[in-house]
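# Residue-level structural notes
Here are the chains, one letter per residue:
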Amino acid sequence: PVSAARPAWPAAQLRLGLLLVGALAEGAATRELLLSVDAGPAGAAGMPLWRIASGRPEELQLPGGQPLLAAPITLLGDAIQQNLRRGRFPAELYMEALTQLHRLLLFVPLTQRGLPHVSWPLLWGALFSLGTFVAQSDEFFAQPRVPHVAAKLLQLLNLLLVLGEQIFPSEAVFEAFAYEL
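Residues numbered from 1 in each chain as written. Predicted model: local features only at pLDDT ≥ 70, side-chain atom pairs only at ≥ 80, totals over all residues. Heavy atoms only, no water.

Let's shift gears to the confidence of the model for the protein. Summarising the model, the protein shows a mean pLDDT of 85, and 92% of its residues fall at 70 or more. Averaged over each element, pLDDT in the protein is lowest for helix α1 (residues 2-5) (56) and highest for helix α8 (residues 146-162) (95). (pLDDT = per-residue confidence, 0-100. Helix = DSSP H or I, 4+ residues; strand = E, 2+ residues; numbered from the N terminus.)

Now the structure itself:
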């Protein structure tokens, strides 16, 4: 019954979310919306985003004055941070999340106004947490696909270093990232 399927729901929800992000980034029309539509509709303080925190839905406000691209980047960072569990580490989903995040970050220079209100320290903190998580134990690191996750994470951190001045909203944010790294 339903109770037997319940443990698989978080992975299924994450998989569905990653498919949606991939579809948004794939289509030319939706990609243009991600790059040009403001995250805060006229007259609104921002765009509501929902996340699961401690098993309960929680609403966040994504500030306006930045392209809609900030929403999936914020949600991917949140998903990376929230699903670090040794017993149920979905390496294939992490590969997909990192791949989608990599792809979306490549769009940031195309926005022409950047993403000034993304919580960049939370995003790189999620990436650093993932790195710490996969490197904590040789036994865990030896599991299937975990080394691939680590390699993809290194590629993503390299992208942030190489394109940092084009991705981060200011030199100070870029320098803070480089310092933390």
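What follows deals with empty space enclosed by the protein. Across all of its chains, the model carries 1 cavity of 30 Å³ or more by this definition. There is about 30 Å³ of room inside the largest cavity. Leu14, Ala79, Ile80, Asn83, Leu93, Tyr94 and Ala97 together form the lining of the largest cavity. When residues of the lining of the largest cavity are traced back to their parent elements, those giving at least two are α4 (70-82) and α5 (91-107). If one sorts the elements of the lining of the largest cavity by residue count, α5 sits on top with 3 residues. Broken down by class, the residue content of the lining of the largest cavity amounts to 6 nonpolar, 1 polar and no charged. (1 Å grid on protein atoms, 1.4 Å probe; cavity = no way out; pocket = protein on both sides within 12 Å on 5 of 7 lines; lining within 4 Å. Points joined across faces, edges and corners; volume = space filled by probe spheres on them. Nonpolar A, V, L, I, M, F, W, Y, C, P; charged D, E, K, R; others polar.)

In this section: the nonpolar core. With 54 residues, the main nonpolar core has Phe89 and Leu105 as its most contacted residues. Put simply, the parts of the chain that give this core at least two residues each are α2 (9-26), α3 (28-36), β1 (46-53), α4, α5, α6 (120-135), α8 and α10 (171-180). Ranked by the residues each element gives to this core, the list is headed by α5, at 10 residues. When neighbours within four sequence positions are excluded, phenylalanine 89 is seen to be in contact with Leu84, Tyr94, Leu130, Phe133, Val134, Phe140, Val146 and Val149. (Core = buried A, V, L, I, M, F, W, Y, C linked by side-chain atoms within 4.5 Å. Buried < 20%, exposed > 50% of the residue type's maximum accessible area, 1.4 Å probe, protein only. Contact = heavy atoms within 4.5 Å.)

As a further point, take the pairing of strand β2 (residues 56-63). In regular strands, side chains alternate between the two faces of the sheet. For β1 and β2, the ladder comprises 8 bridges, and the chain directions are antiparallel. Looking across to β2, one finds that arginine 51 is bridged to glutamate 58. Taking the residues between adjacent antiparallel strands as the criterion, β1 and β2 are bridged by 2 residues, where serine 54 takes a positive phi near 55°. (Pairing = 2+ DSSP bridges.)

On the surface, Leu161, Val162 and Leu181 cluster together into a nonpolar patch covering about 260 Å² of accessible area. In this fold, leucine 161 is placed in helix α8. Using a relative accessible area of 35% as the deciding quantity, one classes leucine 161 as partly exposed. (Patch = residues over 30% accessible without salt bridge, like charges linked within 9 Å, V, L, I, M, F, W, Y side chains within 5 Å. Areas by Shrake-Rupley, 256 points an atom, 1.4 Å probe, with all protein chains shown as cover. Salt bridge = Lys/Arg side-chain N within 4 Å of Asp/Glu carboxyl O.)

What follows is about the packing of α4 against α5. Contact geometry for α4 and α5: axes closest at 10 Å, N-to-C directions at 150°. Here α4 lies roughly antiparallel to α5, going by the angle between them. The hand of the α4/α5 crossing is left-handed. Listed contacts from α5 to Pro72, Ile73, Leu76, Ala79 and Ile80 of α4 are Tyr94, Ala97, Leu98, Gln100, Leu101, Leu104 and Leu105. (Axes fitted to C-alpha atoms, helices over the stretch in contact; angles between N-to-C directions. Parallel < 35°, antiparallel > 145°, perpendicular 65-115°, else oblique. Left-handed = near helix turned anticlockwise from the far one by under 90°.)

Given a rise of 1.5 Å per residue, 17 residues ought to cover 24 Å, and the 24 Å separating the end C-alpha atoms of α8 matches this to within 8%. Among the residues of α8, those classed as buried are Val146, Val149, Ala150, Lys152, Leu153, Leu156, Leu157, Leu159 and Leu160. Of the surrounding elements, those touching the buried residues of α8 are α5, α6, α7 (138-141), α9 (164-167) and α10. (Expected span 1.5 Å × (residues − 1).)

Of note in this structure, arginine 145 is not a glycine but carries a positive phi near 75°. Relative to the helices and strands, arginine 145 is located in the loop between α7 and α8. For arginine 145, a relative accessible area of 39% puts it in the partly exposed group.

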